[in-house]
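# Breakdown of the fold
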Amino acid sequence: MRRPKTPAELKRLRLEELAGEIAAELAPPTGGGRAGEGAGGGASGGGGGRMGDPGGQIGDRPVSPDLDENVTLIKALLNPSDDIVFREISIGHEQHIRAEIVFIDGIVDKSTIHEHVMKSLMLHTERIFPAPPRGKGLGDVIKEFSLTVGEVKTSTKMGDVIDAVLNSDTALFIDGVPICYIVNTKGWEHRSVQEPNIESAVRGAREGFNEVLRTTTALVRRRIKDSRLRVKQMRLGRRTKTDIAVIYLEGVANEQIVAEVFSRLRDIDVDAVLDTGHLEQLIEDNPYSPFPQMQATERTDKVGASILEGKVAIACDTTPFVLLAPATLWAFYQTSDDYFERWIIATFVRALRFLALVTALVLPSLYVSLVAFHPEMIPAKIALPLAGIRSGLPFNAVLELLILELSVETLREASVRLPGPIGPTIGIVGAIVIGEAAIRAGLVGPLAVILVATTTIASFVSPSYSAGIAVRVLRFPLIALAAMLGLVGVMVGIIAISIHVCGLDSFGVPYLSPIVPLTTGDLKDTAVRLPLWAMKMRPLHLRPVDVRRMAQSVSALETGRAAKRIDLGQPASDRDKGAGEGAGGPGGGSGQ
């Protein structure tokens, strides 16, 4: 006769069966479909499967009151991983209630776990037991009286628990309680707030975002202390589960733009979101355009100013760059310094930037068209020396320019990829050495080298890397059109680019706003910038809810104070002298 199995053996068998069921559910599909096919979108994005299991059955499992069953489930999902820590503890002085804490080593603050979770539960909780407050269950006592942490959440789904542990929180399971307590113990090594490397400024802030999402939102809140500033978080990516924050000012940002941003983000269904560059490519209006339709920045002042104008900011964990939407062409050629300097200086600098834009885009193609097709348009004083120089060159104007342009682009890319101190040096020295050697060898003419150098410098003037590289790319089609059709080809290319840009939108806002379509009130801050006191309204092309950002009269020029000479009275020496003369002259007494 077989000996009946003990309760411990039955429990062990049940746990083994549970582990086998989980392993079978997590096994990759054997059919022709791809792994994970049929699952929904990422968490908080398009919905769907968790932890890579097809269908999300494991994520929908409830938290069991049996501690061993919960631990078996967690271990089956996360093991074998050596950085997952399971720590069994005992709560209470006499009851010895079993509990288990689960966290990932390296991405949590261990001091918080030791002092405010383990120490509180193992040592301080004995003061509450065996007589807990009336009407309080075991779970309520643990949450309200034992855990001395600022943020404690509860969950009854294993999927939420797994996501929390992977997101640097600590999970607390208590035997007999069908609830998991999720303790905020985030803490990892990260870069401190530093000066932005890409977007430098003369008078702007010296602080930029870093790779921690909560630091990004805190820096924005530090600049905009408004109760209606909204920070809405979601997670995107089936496997990365990256935290995304949408930041906007309620009552200022257009509600339709905000709704469109959320709609596009929720439609994202991908395995990984590693940077805001991924988001930009997934939610932009025209993915086939070389022009950026969202503005990426790591400057806190630019993000704050854009939110106050009515734009929406999209921040992503693990990257310092924040996206701003909607974006117009003019926004890519504006900097923070434009608003910190006087308006005359800002307008002059902006004019230089747009002149550099035209130079970088058109100058090489104009050179090719004039030399190859229309030499009669070149003045005689320039044409004769140019003809003498070009007579001994082995390449025509098109090949000569393409060789130089490609060489400069290669040097530029090499200088970016090389280590910091070496990169700029290689770029400058390489350009000088190659240009000088090419001229001495008779491969290219000095005029072409000067022209390519001017074009390269002009392309560096663009404050935005994305906008600058778009102009650099479009140079080559224009050179090809100039080589085939001369000035006619250049005009055809410019017209095609203009038509394309006029047809672009960014979240419903025309790309060339406020010029196409014309919004006269917004022309104060496009290619020119009028004084700050003249810009009382927010950009109307963004359709803000609250259009006014300034009182009716805030400037000394408007109130007339600056036009008047302020009477500060006489200088002290003159005032004393007059007082002395009125009292009987110098040295005179006042007594009679």
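Just above sits the structure.
Nothing here was measured: the structure is a model prediction, and the numbers come from that model.

Here is what the cut-offs are and how they apply
- Residues numbered from 1 in each chain as written.
- Predicted model: local features only at pLDDT ≥ 70, side-chain atom pairs only at ≥ 80, totals over all residues.
- Heavy atoms only, no water.
- Pairing = 2+ DSSP bridges.
- Helix = DSSP H or I, 4+ residues; strand = E, 2+ residues; numbered from the N terminus.
- Axes fitted to C-alpha atoms, helices over the stretch in contact; angles between N-to-C directions.
- 1 Å grid on protein atoms, 1.4 Å probe; cavity = no way out; pocket = protein on both sides within 12 Å on 5 of 7 lines; lining within 4 Å.
- Points joined across faces, edges and corners; volume = space filled by probe spheres on them.
- Nonpolar A, V, L, I, M, F, W, Y, C, P; charged D, E, K, R; others polar.
- Core = buried A, V, L, I, M, F, W, Y, C linked by side-chain atoms within 4.5 Å.
- Buried < 20%, exposed > 50% of the residue type's maximum accessible area, 1.4 Å probe, protein only.
- Contact = heavy atoms within 4.5 Å.
- Arc of directions from axis to C-beta.
- Parallel < 35°, antiparallel > 145°, perpendicular 65-115°, else oblique.
- Left-handed = near helix turned anticlockwise from the far one by under 90°.

A separate point is the sheet that holds strand β2 (residues 97–104). Read across the open sheet, the five strands follow the order β1-β2-β4-β5-β3; overall the sheet is antiparallel. One side of each edge strand has no neighbouring strand; the edge strands of this open sheet are β1 (84–91) and β3 (152–155). Sheet twist, expressed as the mean angle between neighbouring strand axes with direction ignored, is 25°. With four bridges joining them, strand β4 (residues 170–174) and strand β5 (residues 180–183) adopt antiparallel strand pairing. Of the residues in β5, the one forming a bridge with T170 is V183.

On to empty space enclosed by the protein, then. The tally for this structure, following the rule as stated, stands at one cavity of 30 Å³ or more. The calculated volume of the largest cavity comes to roughly 60 Å³. If you trace the largest cavity, you find it lined by Y333, R353, A356, L357, A360, A458, S459, V461, S462, A467, G468 and V471. Counting residues per element, the ones that place at least two in the lining of the largest cavity are α11 (343–372), α15 (446–460) and α16 (465–485). Sort the elements by how many residues they give to the lining of the largest cavity and α11 lands first, with four residues. Residues belonging to the lining of the largest cavity are distributed by class as follows: eight nonpolar, three polar and one charged.

On to the sheet that holds strand β10 (residues 322–325), then. If you walk across this open sheet you meet the five strands as β6-β7-β9-β10-β8, and the pairing is antiparallel. At either end of the open sheet lies a strand with only one pairing partner, and these are β6 (229–236) and β8 (295–297). When the angles between neighbouring strand axes are averaged without regard to direction, this sheet yields 25°. Of the strand pairs in this sheet, β8 and β10 are connected by three bridges, and their pairing is antiparallel. Opposite T297, over in β10, you have V322 as the bridge partner.

Side chains of a nonpolar character, in soluble globular proteins, are inclined to be buried together. Ranked by size, the top nonpolar core spans 41 residues in total, and within it F291, Y333 and Y367 carry the most contacts. Elements with a contribution of two residues or more to this core: α11, α13 (397–417), α15, α16 and α17 (487–502). The dominant element in this core, judged by the number of residues it contributes, is α11, at nine residues. Setting aside anything within four residues of it in sequence, one finds Y367 in contact with R390, A397, E400, L401, L447, A448 and L451. Y248, I257, L279 and L542 belong to the second largest nonpolar core, which has 24 residues in total.

Take helix α8 (residues 276–283) next. Looking only at α8, the buried set comprises T276, L279, E280 and I283. Down the axis of α8, the buried side of the element spans an arc of 100°, and every buried residue falls inside it. Elements that come into contact with the buried residues of α8 comprise β6, β7 (242–249), α7 (255–266), β9 (312–316) and β10.

Attention shifts here to the packing of α13 against α16. Axes are the key here: two packed helices are described by the angle between their axes and the distance separating the axes. Running from N to C, α13 and α16 cross one another at 170°; their axes reach a closest spacing of 11 Å. Between α13 and α16, the crossing angle belongs to the class labelled roughly antiparallel. Residues V398, L401, L402, E405, L406, E409 and R412 of α13 form the contact with α16, whose own contacting residues are R472, R475, F476, I479 and A483. Broken down by class, the residue content of the contact of α13 with α16 amounts to seven nonpolar, no polar and five charged.

Next up on the list: the layout of surface pockets. Of the volumes computed, that of the largest pocket is approximately 1300 Å³. Lining of the largest pocket is provided by 44 residues; of these, I198, P463, S464, Y465 and S466 occupy positions nearest its centre. Residue assignment for the lining of the largest pocket shows that the elements contributing at least two residues are α8, β8, α13, α15 and α16. In the lining of the largest pocket, the residues fall into 16 nonpolar, 16 polar and twelve charged.

Now for the packing of helix α2 (residues 67–78) against helix α5 (residues 158–166). Running from N to C, α2 and α5 point in directions that differ by 55°, and their axes come no closer than 11 Å. Between α2 and α5, the interaxial angle falls into the category oblique. In the packing of α2 onto α5, the handedness of the crossing is right-handed. Contacts from N70, L73, I74, L77 and L78 of α2 reach α5 at M158, V161, I162, V165 and L166.

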